[in-house]
Amino acid sequence: MKTAAAHWSIGSSLGDMILTGVLPYGGPPADVLISDGKFVSFVSQDQARNPEAQVVDCQGLIMMPGFVDLHTHLREPGGEAAETISTGTRSATAGGYTDVFAMANTDPVTDSAERVRNLVALANLHGACRVHPVGALTKNLEGNESAPYAEMAAAGAHIFSDDGRCLDNANLTRQGLQAVAAFGGVLAQHAQSADLAGQGQINAGPAAQSTGIPAWLGVAEETIIARDAILAAETGAHLHVCHISTRRSADIVRWAKSQGWPVTAEVTPHHLLLSDELAALADTRYKVNPPLRSVDDVLALRAALLDGTIDAVATDHAPHTAETKARNWCDAPFGMTGLETALSVVAKVLEDAEHLDWNLVAAVMSEAPARIGGISEFAGRPLAVGEPASFCLIEDQQWTVTSENRYSKSDNNPFRGNSFRYKVVATALEGRLVHLANESR
Ligand SMILES: [Zn+2]
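All of these numbers come straight from a predicted model, not from anything done at the bench.

Student: Now, about the coordination of the zinc ion: what can you tell me, with residues and values included?
Tutor: Around the zinc ion, the donor atoms from the protein are D163 (OD), H190 (ND1) and H243 (NE2), and they sit 2.0 to 2.2 Å away. Read N to C, the donor residues that coordinate the zinc ion are spaced as D-x26-H-x52-H. Of this pair, D163 sits in the loop between β9 (159-160) and α5 (170-181) while H190 sits in the loop between β10 (186-189) and α6 (194-197), placing them 27 residues apart in sequence. Judged by its relative accessible area of 2%, D163 falls in the buried class. A relative accessible area of 2% places H190 in the buried class.

Written as structure tokens, this is what we have:
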């Protein structure tokens, strides 16, 4: 990569290029020939086949398909103090992502075809990677009136969600499922019963007891997932459960899948690694929705990722300004940034579970999210001849998360100060370089 830096710069086309010594999916080394934005060959010592190609030494770098994030809060329009499409997508490419789904809870909310089109236009101007708008389920996320699903789908939305809020109303949820089923869309639920969550701010249990902060019950999430899974079975619509956080949530999804019900689920990197013992410190970096749960829940989520119950890892990248996160726990907003640390955390979690399988990483961070998001014709594609050269390169070298080495506009990353073994060092989208580590920001 030292050689690479001399030749590559952001935005440059990789042209005819041979990346030597890369490890596709962490496997045996290969020399990868790229031409016209596509993979041409993965053969060792291939240089003789194209003497014109530029040769870049990538010895020992793991090559993975570009990642797809089903759950990103880009904050634009309306929340530009915390993040913009420009900074958020740059943060995404630094994490190896080529595609992100932008949640609808902006200001204004993405709840009409016009707003979907506006977001697509903004992303075309300012996005460092591809941006896919998520349409709201209800007007202004108020949970009272359905948004115009079919019109938004025609404008480019495939996933519909009131994320940030739960669509508590069972009848509107059922109608939403029926509506998205008509065009093969997805209803993504942030499962949180308002009645049961109440004013909860921290996981129910020792963390709530020791801090005196209002307790947040796991059943607030679990009961909505059970209800919605039944509605998905009845309507035949694809239900996607956002950021599941408890053992029982995983059990419900596992059972629903065993019945053949059309349910998929995601988990965040932070819920796979962090527990409510950290939240008990009452440092607002650990305040997130759903809350960090018990160690037992963390272990259950890991098992559910390994056995395929959980389909995808999604970041729930939720930037907030330093000013708002500096408030006391109950007044600070929920959320953590996560795009730039997702791969490092997932690799650590799998390594801790003695199951670091790069094919599994590709499945949960690239293939499955692309499939759920309806973009697998061009994203989450395998590393194979004839496929688009959309990939990231990962270095096996210890690094530490700091406030300085970030691309997100916001600094509310819960892993700041932590060291990880693996780091994304370059990302390419259809043969164009969209991230290169250590290049000036
Ligand atoms: Zn959410």
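Student: Could you give me a rundown of unusual backbone geometry, with the residues and numbers involved?
Tutor: Between D107 and P108 the backbone carries a cis peptide bond, its omega angle lying at 5°. Checked against the element boundaries, P108 lands in the loop between β7 (97-102) and α3 (113-126). Residues N289 and P290 are joined by a peptide bond in cis, for which omega reads -5°. As for its position among the elements, P290 is in the loop between α11 (276-279) and α12 (295-306).

Student: Describe the sheet that holds strand β6 (residues 67-72), and please don't skip the residues or the numbers.
Tutor: In spatial order, the strands read β6-β7-β8; together these three strands make up an open sheet with parallel pairing. The open sheet has two edge strands with one neighbour each: β6 and β8 (130-133). Recorded for the sheet is a direction-independent mean angle of 20° between the axes of neighbouring strands. Bridging between β7 and β8 involves four bridges; their strand directions are parallel. Directly across from A102, in β8, lies its bridge partner P133.

Student: Give me the lowdown on the side chain of H190, citing residues and values where you can.
Tutor: Among the polar contacts listed, one links the side chain of H190 to the side chain of Q192, at a separation of 2.7 Å. At 3.2 Å, the side chain of H190 forms a polar contact with the side chain of N289. Here H190 is in contact with D163, G164, R165, C166, C242, H243 and N289, once residues within four sequence places are set aside.

Student: Can you lay out α3 for me, pointing to particular residues and giving the numbers?
Tutor: Here α3 spans 20 Å end to end across 14 residues, near enough to the 20 Å set by a 1.5 Å rise per residue. Within the span of α3, buried status applies to A113, V116, L119 and A123. All buried residues of α3 lie within an arc of 125° about the axis, which places them on one face of the element. Turned more than 90 degrees off the buried face of α3, the exposed positions are E114 and L125. Buried residues along α3 sit against α2 (85-94), β7, β8 and α4 (149-155).

Conventions we followed
- Residues numbered from 1 in each chain as written.
- Predicted model: local features only at pLDDT ≥ 70, side-chain atom pairs only at ≥ 80, totals over all residues.
- Heavy atoms only, no water.
- Donors = N, O, S within 2.8 Å, 3.2 Å for Na, K, Ca; no water.
- Helix = DSSP H or I, 4+ residues; strand = E, 2+ residues; numbered from the N terminus.
- Buried < 20%, exposed > 50% of the residue type's maximum accessible area, 1.4 Å probe, protein only.
- Pairing = 2+ DSSP bridges.
- Axes fitted to C-alpha atoms, helices over the stretch in contact; angles between N-to-C directions.
- Polar contact = N/O pair within 3.5 Å; in protein donor to acceptor, adjacent residues only side chain to side chain.
- Contact = heavy atoms within 4.5 Å.
- Expected span 1.5 Å × (residues − 1).
- Arc of directions from axis to C-beta.

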